[in-house]
Amino acid sequence: MLNCKTVATPINVNEKLQLDDGIEKADGSSFRSLVGGLIYLTLTRPDISFSVGVISRFMHRPSKHHLRAAKRILRYVIGTTGFELCYYLELKETTNNSVIFFRGRICCSSIFNIANIVSEKTTC
């Protein structure tokens, strides 16, 4: 899927996913594995949380339609790998006389990097 056509949104809002949609059933184990990976990815990609939540409702009996929706999320993720989460921090001296001397913008691909960066830049 690395050379696939990317999409601008992770889910088609006009598309209604239903449990019994009359479409051929997909392989349940591969669908569950794909959705599980996407759920894990939502820790660092909150922009796909809603879409992954929608498709995870069909993990017990997925159809080819549900699999297409999951692959659309993957195509969105592939097209947005260069995007970053930016956090603007302005930390000042606290009341217990500890000085925090970091001020500025942090861009990172992982939410866990923020805690590491702030803890390295602060002293108590």
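Residues numbered from 1 in each chain as written. Predicted model: local features only at pLDDT ≥ 70, side-chain atom pairs only at ≥ 80, totals over all residues. Heavy atoms only, no water.

This paragraph deals with the overall build of the protein. Counting secondary structure elements, the protein contains four helices and two strands. Its helices and strands taken in sequence order, the protein reads α-α-α-β-β-α from the N to the C terminus. Among the 124 residues that make up the protein, the fraction classed as buried is 32%. Working note: accessible area of the protein is about 8,300 Å², and carbon and sulfur atoms make up 54% of it. (Helix = DSSP H or I, 4+ residues; strand = E, 2+ residues; numbered from the N terminus. Buried < 20%, exposed > 50% of the residue type's maximum accessible area, 1.4 Å probe, protein only. Areas by Shrake-Rupley, 256 points an atom, 1.4 Å probe, with all protein chains shown as cover.)

Any two side chains of opposite charge can pair, so long as their charged atoms come close to each other. If you walk through the whole model with that rule in mind, you get two salt bridges. A salt bridge links Arg61 to Asp20; its shortest N-O distance comes to 3.0 Å. Of this pair, Arg61 sits in the loop between helix H2 (49-55) and helix H3 (64-79) while Asp20 sits in the segment before helix H1 (28-41), and the two are 41 residues apart along the sequence. For Arg61, a relative accessible area of 35% gives the class partly exposed. Since its relative accessible area comes to 56%, Asp20 is described here as exposed. (Salt bridge = Lys/Arg side-chain N within 4 Å of Asp/Glu carboxyl O.)

What follows covers the nonpolar core. In terms of nonpolar packing, the biggest core is built from 19 residues, with Leu17, Leu38, Ile48, Ile55 and Ile73 touching the most fellow members. Secondary-structure elements contributing two or more residues to this core are H1, H2 and H3. Top element by residues in this core is H3. It accounts for six residues. Apart from residues lying up to four places away in sequence, Ile48 is in contact with Pro10, Leu38, Leu41, Thr42, Ile73, Tyr76 and Val77. (Core = buried A, V, L, I, M, F, W, Y, C linked by side-chain atoms within 4.5 Å. Contact = heavy atoms within 4.5 Å.)

Let us now look at the confidence of the model for the protein. In this model, the protein carries an average pLDDT of 75, and 66% of its residues clear a pLDDT of 70 or more. Per-element confidence in the protein ranges from a low mean pLDDT of 45 for helix H4 (residues 111-121) to a high of 93 for H2. Low pLDDT (under 50) marks residues 108-124, which in the prediction has 23 contacts with non-local residues, meaning those over four places away or in another chain. (pLDDT = per-residue confidence, 0-100.)

Taking 1.5 Å of rise per residue, the 14 residues of H1 would be expected to cover 20 Å, and the 20 Å separating its terminal C-alpha atoms lies within 8% of that figure. Taken as a whole, H1 has its buried residues at Gly28, Phe31, Leu34, Val35 and Leu38. The arc enclosing the buried residues of H1, seen along the axis, measures out at 130°, which places them on a common side. Looking at H1, the residues exposed on the side facing more than 90 degrees away from the buried face are Ser33 and Tyr40. Along its buried surface, H1 packs onto H2 and H3. (Expected span 1.5 Å × (residues − 1). Arc of directions from axis to C-beta.)

Turning our attention to H3. For H3, spanning 16 residues, the distance from its first C-alpha to its last is 22 Å, which sits close to the expected 22 Å at 1.5 Å a residue. Residues of H3 that are buried include every one of His65, His66, Leu67, Ala69, Ala70, Arg72, Ile73, Tyr76 and Val77, and no others.

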